[in-house]
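Summary of the model geometry
Chain residues, written in single-letter form:
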Amino acid sequence: LFLSIQQEFELGLPYRFQVDYEIHAANFIDRVSDGGGHWNYADSEFELRWALADWGKILANPTVKAEWKHDNGGGDSWETDLLLGDEFAKGWHWGSDFFWEQGVDGDLHTEKAISLAINYSLIDEKLAVGVEQRLDSTNTEASRHAFLSEEVGPSLFWRPTPRTHLNLECLFGVTGWSPNVET
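Residues numbered from 1 in each chain as written. Predicted model: local features only at pLDDT ≥ 70, side-chain atom pairs only at ≥ 80, totals over all residues. Heavy atoms only, no water.

**Topic: the overall build of the chain**
Inclusion rule: Only DSSP runs of H or I reaching four residues or more are called helices, and only runs of E reaching two or more are called strands; each is numbered from the N terminus. Each residue is assigned to one of three classes by its accessible area relative to the maximum for its type, calculated with a 1.4 Å probe on protein chains only: buried under 20%, partly exposed between the two thresholds, exposed over 50%. In this description, contact between two residues means that some pair of their heavy atoms is separated by no more than 4.5 Å. Per-residue and other accessible areas follow the Shrake-Rupley method at a 1.4 Å probe size, with only the shown protein chains counted as cover for residues.
The helix and strand inventory of the chain stands at zero helices and 12 strands. Of the regular secondary structure in the chain, the N- to C-terminal order runs β-β-β-β-β-β-β-β-β-β-β-β. For the chain, the residues scored as buried account for 28% of the 183 residues in total. Partitioning the intrachain contacts of the chain with sequence separation of at least 6 by distance along the chain shows that 35% fall at a separation of at least 24. When the accessible surface of the chain is split by element, carbon and sulfur atoms take 62% of a total near 11600 Å².

**Digging into the confidence of the model for the chain**
Which entries qualify depends on this criterion: pLDDT: the predictor's confidence for each residue, scored from 0 to 100.
Taken as a whole, the chain shows an average pLDDT of 87; of its residues, 89% reach a score of 70 or greater. Within the chain, no element has a lower average pLDDT than strand β12 (residues 181-182), which sits at 75, and none a higher one than strand β5 (residues 77-89), at 97.

**Some thoughts on the pairing of strand β7 (residues 110-123)**
Test applied: The pairing criterion for strands is at least two bridges between them, as found by DSSP.
Where strand β6 (residues 92-103) meets β7, 11 bridges bridge the pair, whose relative direction is antiparallel. Across the sheet, residue Ser96 finds its bridge partner in β7, namely Leu116. Bridge analysis of β7 against strand β8 (residues 127-139) gives 13 bridges, and the strand direction is antiparallel. Along β8, the bridge assignment pairs Ala113 with Asp136. Adjacent in sequence and paired antiparallel, β7 and β8 are bridged by three residues, among which Glu125 carries a positive phi angle near 60°.

**Some words on the packing of aromatic side chains**
How two aromatic rings sit relative to each other is set out by the distance from centre to centre and by the angle between their planes. Rules: In this analysis, rings of Phe, Tyr and Trp, with Trp reduced to its six-membered ring, are considered paired at centre separations within 6.5 Å, and the interplanar angle assigns stacked below 30 degrees, edge-to-face beyond 60, and tilted for intermediate values.
Across all of its chains, the model carries four aromatic pairs by this definition. Both rings, one in Tyr21 and one in Phe46, keep their centres 4.9 Å apart while their planes meet at 40°; by these two values the pair is tilted. Of this pair, Tyr21 sits in strand β2 (residues 17-28) while Phe46 sits in strand β3 (residues 39-51), placing them 25 residues apart in sequence. Since its relative accessible area comes to 49%, Phe46 is described here as partly exposed. Feature note: the residues Phe88, Trp92 and Tyr120 constitute an aromatic cluster, connected by ring pairs.

**Let's talk about the pattern of salt bridges**
As a reminder, the rule being used: For this document, the term salt bridge refers to a Lys or Arg side-chain nitrogen within 4 Å of an Asp or Glu carboxyl oxygen.
Counted by the stated rule, this structure contains nine salt bridges. When the shortest N-O distance is used, the salt bridge between Arg49 and Glu8 registers 3.9 Å. Pair noted here: Arg49 is in strand β3 and Glu8 is in strand β1 (residues 2-13), with a separation of 41 residues, a long-range link. According to the relative accessible area criterion, Arg49 is partly exposed, its value standing at 21%.

**Details of the environment of Trp55**
Relative to the assigned elements, Trp55 resides in the loop between β3 and β4 (63-71). Using a relative accessible area of 61% as the deciding quantity, one classes Trp55 as exposed.

Put into structure tokens, the structure is as follows:
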């Protein structure tokens, strides 16, 4: 069993730029031992996003992202993303994230993935529920065979204040290489 907590700090800048810093803490629980694992610093990420236009001016509101990831237990990597999303009916929103991650040291992994989401606003810009799916293909320098995983599950979005939001996702693995549960 693997438990993880992610904290992300986002700062909007002029001209549709945004910088983010994420930090992940992880707890690996060994099923055999009775004490389990302990919380530790897993990794951190620095991101720069840029929206090609103001929201609603271009179909699907494309945004590009570049990221550098420092992995405490392995190698660093870079990532690039294309983010798309929009409202397709009153209260209904969709989003997607196409990304490519490349390890620069450690196992020199290559990860290609797509995440898809759809949600419905129960209270506009305050509370939404939805479903998410993630398809992932990963390989390493030692094994260029791609390991495919798929996860799907519910999501909850809550904005308690105008500048704070909480996203909860519980994705269940549906293929052999997928984690059992990722939250």
